[in-house]
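Structural description and commentary
If you want the building blocks of each chain, they are given just below.
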Amino acid sequence: MELLDKLSWRYAAKAMNGEKIPQEKVDRIIEAARLAPTSSGLQPFEIYVVTNQEVKEKIRPVAWNQSVITDCSHLLVFVAWDTYTEDRINKMFDLTNDIRGFKNEGWENYRQMLLSNYPQKDAEENFNHAAKQAYIAFSQAIVAAAFEGVDSTPIEGFTPAAVDEILGLREKGLRSVVLLPIGYRDTEKDWLVNLVKVRKSKEDLVTLID
C-alpha cells in the first residue's frame, strides 16, 4: 500500500522550486533505473545526470521552454545506443561471464544468435528498440522518485537532435530519448498541484482472459 500511496501522490510537476535533492536519494533513484530489466540484459542506454545550470539553460529553449528544466534539482537525460554492434553486444555478454565467473553453453549460443541478428538490422530500427529499453529504466526512475518523496516531470516535448548536440551524444554513438527533471514542486506556481489525478478505471484498463 505504501508504494501505491506514493504513486497516487506523484504527478507530473509543472513547476519546481530549485531545492536540491539529497544525494543519497538521487543515488537510489539512479540505482532503481540501473536495475531495470532490459531485452537480453543488454542495457542499451545511459543516463546523463545534468546539474550544471548553464547546460540546463541551453536545453530549456529546445524543450518547449519548460521551467522545470532549469528549476529542477537534477535533470536526467535518458539516452540510447544509436544501433547495436558486435562490440556492444560482446561487452555485455563478457561482463556477465566475468561477474558470474563461468561460461554457459546456452548463454554463448544466445550471444551468437544476437550477433547474427541485431548488427545486420537497420540502425534506426535498432535505435527504436534500444529506446524502448531506456523507457523501462525511465519508468522505474519515476517510481523510485515517488517512493523517495521526490517530484519528477516526464518530458518527451523536446528536440532530440538539439539535446544530442548540446551533450555531444552523436559522436559517442548515443541519441537522447526522454528527459526527467527531478526536484520538488513549487506549490504556489504549479497549476496542476491541487487538481485530482485522473486515470482510466480498472474496468476500462484491464481485460481479464480466464
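Heads up: the structure comes first, above all this text.
All figures in this text were calculated on a predicted structure; none of them were measured in a lab.

1. Focus on the nonpolar core
Counting 56 residues, the largest nonpolar core has Val 77, Phe 78 and Leu 179 as its most contacted members. Here the element with the most residues in this core is helix 7 (residues 123–147); it accounts for 10 residues. Setting aside its immediate chain neighbours within four residues, Phe 78 contacts Ala 33, Glu 46, Ile 47, Ala 134, Ala 137, Phe 138, Ala 141, Arg 175, Ser 176, Val 177, Val 178 and Leu 180.

2. Quick look at the pattern of salt bridges
Under the criterion given, the structure shown has 10 salt bridges. Here Glu 148 and Arg 28 are joined by a salt bridge, their closest N and O atoms 2.6 Å apart. One end of the pair, Glu 148, is in the loop between helix 7 and strand 3 (151–152); the other, Arg 28, is in helix 2 (residues 23–34), with 120 residues separating them in the sequence. Owing to a relative accessible area of 15%, Glu 148 belongs among the buried residues under this scheme. Overall, Arg 28 belongs to the partly exposed group, its relative accessible area being 43%.

3. A few points about helix 2
The end-to-end C-alpha distance of helix 2 is 16 Å, a good match for the 16 Å that 12 residues give at a rise of 1.5 Å each. Among all positions in helix 2, only Val 26, Ile 29, Ala 32 and Ala 33 are buried. Around the axis of helix 2, the buried residues are gathered within 120° of arc, so they sit on the same side. Next to the buried residues of helix 2 lie strand 1 (45–50), strand 2 (74–81), helix 7 and strand 4 (174–183).

4. Some remarks on the sheet that holds strand 4
Spatial ordering of the open sheet is given by 1-2-4-3, a layout of four strands whose pairing is antiparallel. Both outer strands of the open sheet, strand 1 and strand 3, are each paired with one neighbouring strand and no more. The sheet contact formed by strand 3 and strand 4 spans two bridges and is antiparallel. Following the sheet pairing, Asp 151 is matched in strand 4 by Gly 183.

5. Some points on the environment of Ala 146
Note that Ala 146 resides in helix 7. For Ala 146, a relative accessible area of 1% gives the class buried. Spatially, the C-alpha atom of Ala 146 lies 40 Å from that of Gln 120, the residues being 26 residues apart in sequence. Excluding residues that lie within four positions of it along the chain, Ala 146 makes contacts with Lys 6, Leu 7, Trp 9 and Arg 10.

6. Some points on the packing of helix 5 (residues 86–100) against helix 6 (residues 105–115)
Helix 6 packs onto helix 5 with a crossing angle of 170° between their chain directions and a minimal axis gap of 10 Å. Considered as vectors, helix 5 and helix 6 are oriented roughly antiparallel to each other. Every residue of helix 6 that contacts helix 5 at Glu 86, Ile 89, Asn 90, Phe 93, Asp 94, Thr 96 and Asn 97 is listed here: Trp 107, Glu 108, Tyr 110, Arg 111, Leu 114 and Leu 115. The residue inventory of the contact of helix 5 with helix 6, partitioned by class, reads six nonpolar, three polar and four charged.

Thresholds applied
- Residues numbered from 1 in each chain as written.
- Predicted model: local features only at pLDDT ≥ 70, side-chain atom pairs only at ≥ 80, totals over all residues.
- Heavy atoms only, no water.
- Core = buried A, V, L, I, M, F, W, Y, C linked by side-chain atoms within 4.5 Å.
- Buried < 20%, exposed > 50% of the residue type's maximum accessible area, 1.4 Å probe, protein only.
- Helix = DSSP H or I, 4+ residues; strand = E, 2+ residues; numbered from the N terminus.
- Contact = heavy atoms within 4.5 Å.
- Salt bridge = Lys/Arg side-chain N within 4 Å of Asp/Glu carboxyl O.
- Expected span 1.5 Å × (residues − 1).
- Arc of directions from axis to C-beta.
- Pairing = 2+ DSSP bridges.
- Axes fitted to C-alpha atoms, helices over the stretch in contact; angles between N-to-C directions.
- Parallel < 35°, antiparallel > 145°, perpendicular 65-115°, else oblique.
- Nonpolar A, V, L, I, M, F, W, Y, C, P; charged D, E, K, R; others polar.

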